[in-house]
Amino acid sequence: VRELPPIPGMHRTPAEREGVPDRRRADGELPPEALALLARLRDWLVGRHRSHRTIEAYLAWGARFLAYLGVGDPRPAGEAGLNAFLTTLGRAGLS
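Worth saying up front: this structure is predicted, and the values here are computed from it rather than measured. (Residues numbered from 1 in each chain as written. Predicted model: local features only at pLDDT ≥ 70, side-chain atom pairs only at ≥ 80, totals over all residues. Heavy atoms only, no water.)

S.K.: Go over the overall build of the protein, please, and point to the residues and values.
M.R.: Within the protein one finds three helices and zero strands. The secondary structure elements of the protein, listed N-terminal to C-terminal, are α-α-α. Here the protein holds 95 residues, and 34% of them are scored as buried. A fraction of 62% describes how many contacts in the protein between residues 6 or more apart in sequence connect residues 24 or more apart. (Helix = DSSP H or I, 4+ residues; strand = E, 2+ residues; numbered from the N terminus. Buried < 20%, exposed > 50% of the residue type's maximum accessible area, 1.4 Å probe, protein only. Contact = heavy atoms within 4.5 Å.)

S.K.: Summarise the pattern of salt bridges; cite the residues concerned and give the values.
M.R.: Under the counting rule described, the total for this entry stands at two salt bridges. Note that Arg53 and Glu56 form a salt bridge whose closest N and O atoms lie 3.6 Å from each other. One end of the pair, Arg53, and the other, Glu56, are both in helix H2 (residues 52–69), three residues apart, so they sit about a helical turn from each other. Owing to a relative accessible area of 28%, Glu56 belongs among the partly exposed residues under this scheme. When the shortest N-O distance is used, the salt bridge between Asp73 and Arg75 registers 3.1 Å. (Salt bridge = Lys/Arg side-chain N within 4 Å of Asp/Glu carboxyl O.)

S.K.: With reference to specific residues and values, describe unusual backbone geometry.
M.R.: A positive phi angle, near 60°, is found at His49, a position not held by glycine. Among the structural elements, His49 can be located in the loop between helix H1 (32–47) and H2.

Shape is all these values report; function is a separate question.
Structure follows, in structure tokens:
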């Protein structure tokens, strides 16, 4: 049995942020609501029998998105928040 992938956003260093603006709390961690959302995503992906590496990738991108928004629930940001995040990634040369 493989260990579940860790949830990104916990104890990350500046080098791991890859140019995405940091809007996390002062202690460098995501808000508790964001961590809970990532845990739900991880559980859903495990239930769908996704590979370990796929789960890691989805969680990493989810954590980057939530860190960019600086909130635990991305729904209020809506499509505009997603477009702003993707535009920021594109301008930074990340994909």
